[in-house]
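# Analysis of the macromolecular model
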Amino acid sequence: MKISGKIKGVVFASLLALVASTSGAIAAGGAPSPSTVSKSITKKPITLRVFTTAPQNKVSEAVAKEFQKKYPNIKVVVQATDFPNYSQGIQLALKSKNGPDVALAANAFDSKNGLTLNLAKYSRLYGWNKTIPSTIAQQWKVTEDYKSMAGSIQVALPTNINIVGLYYNKALLKQAGITTPPVSMEDFEKALAAAKKAGLVPLQMGNSQGHAAFLVQGIGQATDGAKSAAKWALGVTGSTFDTAGNKLGASKLLAWKEAGYIPSDVNSYSLQDAVKNFTQGQGVFLNDGNWDAGTIDAAMGDNVGFIPFPGKNVVAIGGGDAFQIASNSKNKDAAAAFLDMLISAQAAPLAWANGFLPTNVGSAKGSTSLQNDILKAYGNISKANGIVSFNNNVTSSMNQTLTTTTQALLGGQMSVATLISTVQADWASSR
Amino acid sequence: MKKGRNSSSEAILFVIPALSLYLLFVIAPWISAISFSFFNWDGIGSAVWNGFNNYSEVFRDPEQFNSIKHSLVLIGFFSVVPVTLGLVLAHLISNLETTSLIGRMSRVVIFLPQVLPLIAVGIAWKLIYSSQGVLNQFLENVGLGASTRGWLGDFNFALPAIGFVGIWLGTGLCLLLFNSGIQKIDQHLYEAVQLDGGGRIRAFTSVTVPSLRPEIRFASTITMIAALSGFDLVYVMTNGGPGGATLVPGLEVFRLAFSYNRFGQACALAVVLSLITFLFILLINRVLKDN
């Protein structure tokens with residue numbers, strides 16, 4: 001009995017110690033600014049650790065090779081995971097002492113606990129603001145209270161651009177009797193109706209992961225215009241989701257499902273399945289981002305085109321990958337030099353070769369007709385200053401909220417009005 | 001008495017390795033989950049005391065509350081049906097020669113799902129239920145083309161579809177447990193039923209079921225825990241969709257902690273879930289007490 005008494009004591013004490021050690025948390029302080037910044041890099045042998053996601057790692061690895069040629073004393077190690085796991089683990093990795101020096105940003109607000117640097121000083125040193133379009137750059141600048149984007153604290157440097165637009169199957173469009181791709185909302189609806197009449201799948205879509213939200217946002221901002229849509233998507237106080245455009249977007253989504261323009265089992269499969277269906281001729285249109293261009297290009301070649309989402313305003317949902325520097329990094333200046341190379345003219349063709357549209361798009365040229373379409377669409381959209389951040393990124397739960405509500409709307413479980421108010425309630429809960 | 005004391009101290013020494021691992025990896029995390037559940041904490045930054053608010057939120061937030069309701073529905077599919085079906089099947093095949101080909105094959109086939117990893121099971125069933133999957137092809141071929149649908153994307157069928165996989169998974173385990181239990185039942189009891197003019201149904205209700213009480217208790221407990229703590233199947237098959245129709249507490253805890261960065265809230269839901277599990281286990285043990 002004596003032994004067990006002692007054991008009890010030891011066990012109890014170690015439990016207390018464990019609870020005490022696991023509840024230790026660091027204080028919130030926001031992204032710190034480095035005290036000094038410099039373009040001159042150490043000559044000592046060092047290792048830079050870069051954490052990113054697949055397939056972005058292909059670009060990072062290609063750039064790392066060039067970087068090592070320029071700085072032979074630096075070894076760059078690129079480590080990649082898939083996005084869902086990455087976004088759930090990156091904060092812990094940044095907190096650890098053996099974490100990355102450079103890391104892909106999962107969310108602009110992640111920096112609030114001070115795990116990554118405020119890059120404003122480096123941005124001035126290297127002149128990054130001259131290269132990056134402001135509509136993209138502001139998605140990675142947060143306000144002092146870490147509640148919305150379009151602020152003054154630069155938490156990450158965007159290195160490539162994603163835009164969501166409309167892919168169309170040229171042969172099927174012709175088969176439906178439509179000669180030119182749609183420009184206005186009326187054109188688009190006319191084309192969908194014609195495709196339906198011709199016995200085709202008018203609009204391919206997969207919503208098991210919530211990608212129907214692209215259509216709501218696409219119609220919403222093409223109606224309301226980029227300026228007001230961007231305010232909401234960036235979390236600027238005082239904006240609302242309850243707009244004429246968003247209401248139209250949600251009602252069209254529902255109406256198009258009921259009219260048979262969208263497959264009836266849309267909730268049961270994903271965007272990736274929809275891409276596959278589209279490349280196999282199941283769908284005249286597909287509302288998707290340029291990140292799938294490589295797959296679609298390989299399967300369809302000259303038979304596929306890409307245009308900005310039809311509507312009154314030339315707009316696109318757009319964002320992209322952005323990189324941050326860890327506060328724990330011992331080689332911050334070298335990390336900044338690596339970021340600078342990621343957006344250099346030298347890196348642009350490396351990004352393009354791997355299917356990424358570089359932020360430094362300048363002289364990029366497409367080598368296929370689809371790539372040329374995407375460049376042309378991007379040119380028109382940026383000329384119109386029409387890039388709007390993904391609605392999904394405005395709060396940490398918005399992606400899930402948009403998934404749940406669009407599924408419920410398409411499944412006949414939720415009204416347009418409830419969708420709008422549920423989405424707005426999520427938005428407001430973080431502000 | 002001396003001898004007894006010695007053996008009990010020795011027993012404790014033998015228990016220490018397992019006990020310390022259990023304390024370190026089960027009890028200690030559970031206690032820290034309880035302590036986190038009273039804080040508003042994002043998992044990285046500073047934690048703020050939040051009293052019992054996280055607990056009341058579990059019942060106020062429809063997303064969390066519905067996940068608990070779904071898990072109660074799944075108990076029917078993961079526990080009640082497999083235990084009942086397992087009992088009936090065990091009784092039916094108890095007369096089969098254990099070495100006969102049919103006897104062996106049926107046991108292998110019914111038990112097979114148990115040895116497959118749940119992730120693989122989920123992927124396989126996801127394909128079966130898909131729009132172009134085997135289930136819809138079968139329905140087309142027998143003239144029920146009008147009933148085909150994307151099963152896991154349908155609000156009415158997604159949860160039962162996952163539940164059906166639970167039946168498929170659990171029945172084999174229950175059958176195996178009950179089958180071995182039946183071997184231990186004194187054959188004279190069955191003869192006595194026959195002498196009294198009772199048939200196979202009477203033998204089932206008067207001998208098989210009462211004699212298998214400990215096995216039923218064990219099978220109910222572990223299948224119940226599987227139903228309440230399920231994560232893998234739902235994560236792979238629907239990720240809680242469509243529209244939250246298949247969201248279960250295990251997945252919601254994961255989501256709250258790692259997607260929404262609401263660690264304290266996730267811990268509160270986890271604690272509520274463990275209390276519900278305890279409650280059910282107590283209930284099972286009360287109802288299926290040994291005489």
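Keep in mind that what you see is a predicted model, and the values were worked out from it rather than measured.

### Section: the overall build of chain A
- For chain A, the count of helices and strands is 18 helices and 14 strands.
- In terms of C-alpha radius of gyration, chain A reaches 24 Å, essentially the compact-globule figure of 22 Å for 431 residues.
- Oriented by its inertia axes, the alpha-carbon framework of chain A measures out at about 80 × 65 × 40 Å.
- Relative to its full complement of 431 residues, chain A shows a buried share of 56%.
- On chain A, roughly 17,800 Å² of surface is accessible, and the fraction owed to carbon and sulfur atoms is 54%.
- For chain A, the distance from the average site of its 38 positive side-chain charges to the average site of its 24 negative ones is 9 Å.

### Concerning the domain arrangement of chain A
All names here are of chain A.
- Considered domain by domain, chain A is made up of domain 1 (46–159 + 320–363) and domain 2 (164–318 + 374–429).
- Look at where the C-alpha atoms of domain 1 and domain 2 centre, and you get two points 29 Å apart.
- Each partner contributes to the interface: domain 1 provides 15 residues, whereas domain 2 provides 16 residues.
- The contact between domain 1 and domain 2 buries some 1,300 Å² in all, and 62% of this surface belongs to carbon and sulfur atoms.
- Viewed at the interface, domain 2 and domain 1 are joined by two residue pairs in polar contact (both at pLDDT 80 or more).

### Quick word on helix H11 (residues 244–258) of chain A
All names here are of chain A.
- In a regular helix each residue adds 1.5 Å, so 15 residues correspond to 21 Å; H11 covers 21 Å between its end C-alpha atoms and thus fits that length.
- Taken as a whole, H11 has its buried residues at Gly245, Asn246, Gly249, Ala250, Leu253, Leu254, Trp256 and Lys257.
- In this structure, the buried residues of H11 make contact with helix H8 (185–197), strand S8 (203–204), helix H9 (213–224), helix H17 (398–410) and helix H18 (416–429).
- Remark: Gly260 follows H11 within two positions and exhibits a positive phi of approximately 80 degrees.

### Overview of a nonpolar patch on the surface
All names here are of chain B.
- Taken together, the side chains of Val15, Leu19, Leu21, Tyr22, Leu24, Phe25 and Val26 make up a nonpolar region of the molecular surface, amounting to roughly 660 Å² of accessible area.
- The topology assignment puts Tyr22 in helix H1 (residues 2–36).
- Exposure remark for Tyr22: the relative accessible area of 44% places this residue in the partly exposed category.

### Things to note about the packing of aromatic side chains
- Evaluation of the coordinates by the stated rule reveals 30 aromatic pairs over all chains.
- Ring centres of Phe188(A) and Phe309(A) lie 5.8 Å apart, and the angle between their planes is 80 degrees; on these two criteria the pair is classed as edge-to-face. With a gap of 121 residues between them, Phe188(A) in helix H8 and Phe309(A) in the loop between strand S10 (304–307) and strand S11 (316–319) connect regions that are remote in the sequence.
- Aromatic side chains Trp125(B) and Trp168(B) sit 5.4 Å apart centroid to centroid with 70 degrees between the ring planes, which places their arrangement in the edge-to-face category. Separated by 43 residues along the polypeptide, Trp125(B) in helix H5 (residues 118–129) and Trp168(B) in helix H7 (residues 158–183) bring together distant segments of the chain.
- Above the ring of Trp427(A), the side-chain terminus of Arg431(A) is found at 4.9 Å from the ring centroid.

### Side note on the pattern of salt bridges
- Taken as a whole and assessed by the stated rule, the structure comprises eight salt bridges over all chains.
- For Glu66(A), the salt bridge is made with Lys69(A), and the minimal N-O distance between the two is 3.4 Å. In this pair, Glu66(A) and Lys69(A) are both assigned in helix H2 (residues 56–70), three residues apart and thus about one turn of the helix distant.
- With relative accessibility at 61%, the residue Lys69(A) sits in the exposed group.
- With its nearest N and O atoms 3.2 Å apart, the salt bridge here joins Asp242(A) to Lys247(A).
- Exposure remark for Lys247(A): the relative accessible area of 39% places this residue in the partly exposed category.
- Salt bridges sharing partners connect three or more residues here, namely Glu57(B), Arg60(B) and Arg262(B).

### What about the environment of Gly294(A)?
- Structurally, Gly294(A) can be placed in helix H13 (residues 293–300).
- Residues Gly294(A) and Ala335(A), spaced 41 residues apart in sequence, show a C-alpha to C-alpha distance of 30 Å.

### Digging into the environment of Thr36(A)
Residues and elements named next belong to chain A.
- Note that Thr36 resides in the loop between helix H1 (2–22) and strand S1 (46–53).
- C-alpha of Thr36 to C-alpha of Lys121: the two residues are 85 residues apart in sequence and 8.6 Å apart in space.
- What Thr36 contacts, discounting residues up to four positions off in sequence, is Tyr122 and Asp333.

### Brief notes about the sheet that holds strand S3 (residues 102–104) of chain A
All names here are of chain A.
- Spatial ordering of the open sheet is given by S2-S1-S3-S12-S6, a layout of five strands whose pairing is mixed. In the strand order of this sheet, the two ends are held by strand S2 (74–81) and strand S6 (157–158), each with one partner.
- Direction of pairing for S6 relative to strand S12 (residues 322–325): antiparallel, over a ladder of two bridges. Counted as the bridge partner of Leu157 is Phe323 from S12.
- Sheet contacts for helix H3 (residues 83–95): S1, S2, S3 and S12; angle to S1, the most-contacted strand, approximately 145 degrees.

### With respect to the side chain of Asn287(A)
Residue and element names in this part refer to chain A.
- Considering the arrangement of structural elements, one finds Asn287 in strand S9 (residues 285–289).
- With a relative accessible area of 8%, Asn287 lands in the buried category.
- In terms of polar contacts, Asn287 uses its side chain to reach the backbone carbonyl oxygen of Gly165, at 3.0 Å.
- Side-chain polar atoms of Asn287 contact the backbone nitrogen of Leu215, separated by 3.4 Å.

### Overview of the side chain of Gln56(A)
- Mapped onto the elements of the fold, Gln56(A) is located in helix H2.
- Within polar-contact distance, the side chain of Gln56(A) engages the side chain of Ser60(A) at 2.7 Å.

### A short note on the packing of helix H2 (residues 53–60) of chain B against helix H13 (residues 263–287) of chain B
All names here are of chain B.
- Direction vectors running N to C along H2 and H13 enclose 70 degrees, while the axes themselves pass 9 Å from each other. In terms of axis orientation, H2 runs roughly perpendicular to H13. Residues Asn54, Tyr55, Glu57, Val58 and Phe59 of H2 form the contact with H13, whose participating residues are Gly264, Gln265, Ala268, Leu269, Val271 and Val272.
- Counted by class, the contact of H2 with H13 contains seven nonpolar, three polar and one charged residues.

Conventions and cut-offs
Residues numbered from 1 in each chain as written. Chains lettered and ligands numbered in written order. Predicted model: local features only at pLDDT ≥ 70, side-chain atom pairs only at ≥ 80, totals over all residues. Heavy atoms only, no water. Helix = DSSP H or I, 4+ residues; strand = E, 2+ residues; numbered from the N terminus. Rg over C-alpha atoms; globule rule 2.2 N^0.38 Å. Buried < 20%, exposed > 50% of the residue type's maximum accessible area, 1.4 Å probe, protein only. Areas by Shrake-Rupley, 256 points an atom, 1.4 Å probe, with all protein chains shown as cover. Lys, Arg positive; Asp, Glu negative; His and termini not counted. Charge placed at Lys NZ, Arg CZ, Asp CG, Glu CD. Domains from an automatic or database assignment. Contact = heavy atoms within 4.5 Å. Buried area = accessible area lost by both parts, 1.4 Å probe. Polar contact = N/O pair within 3.5 Å; in protein donor to acceptor, adjacent residues only side chain to side chain. Expected span 1.5 Å × (residues − 1). Patch = residues over 30% accessible without salt bridge, like charges linked within 9 Å, V, L, I, M, F, W, Y side chains within 5 Å. Salt bridge = Lys/Arg side-chain N within 4 Å of Asp/Glu carboxyl O. Phe/Tyr/Trp six-rings, centres within 6.5 Å; stacked < 30°, edge-to-face > 60°. Lys NZ or Arg CZ within 6 Å of the ring centre and 35° of its normal. Pairing = 2+ DSSP bridges. Axes fitted to C-alpha atoms, helices over the stretch in contact; angles between N-to-C directions. Parallel < 35°, antiparallel > 145°, perpendicular 65-115°, else oblique. Nonpolar A, V, L, I, M, F, W, Y, C, P; charged D, E, K, R; others polar.

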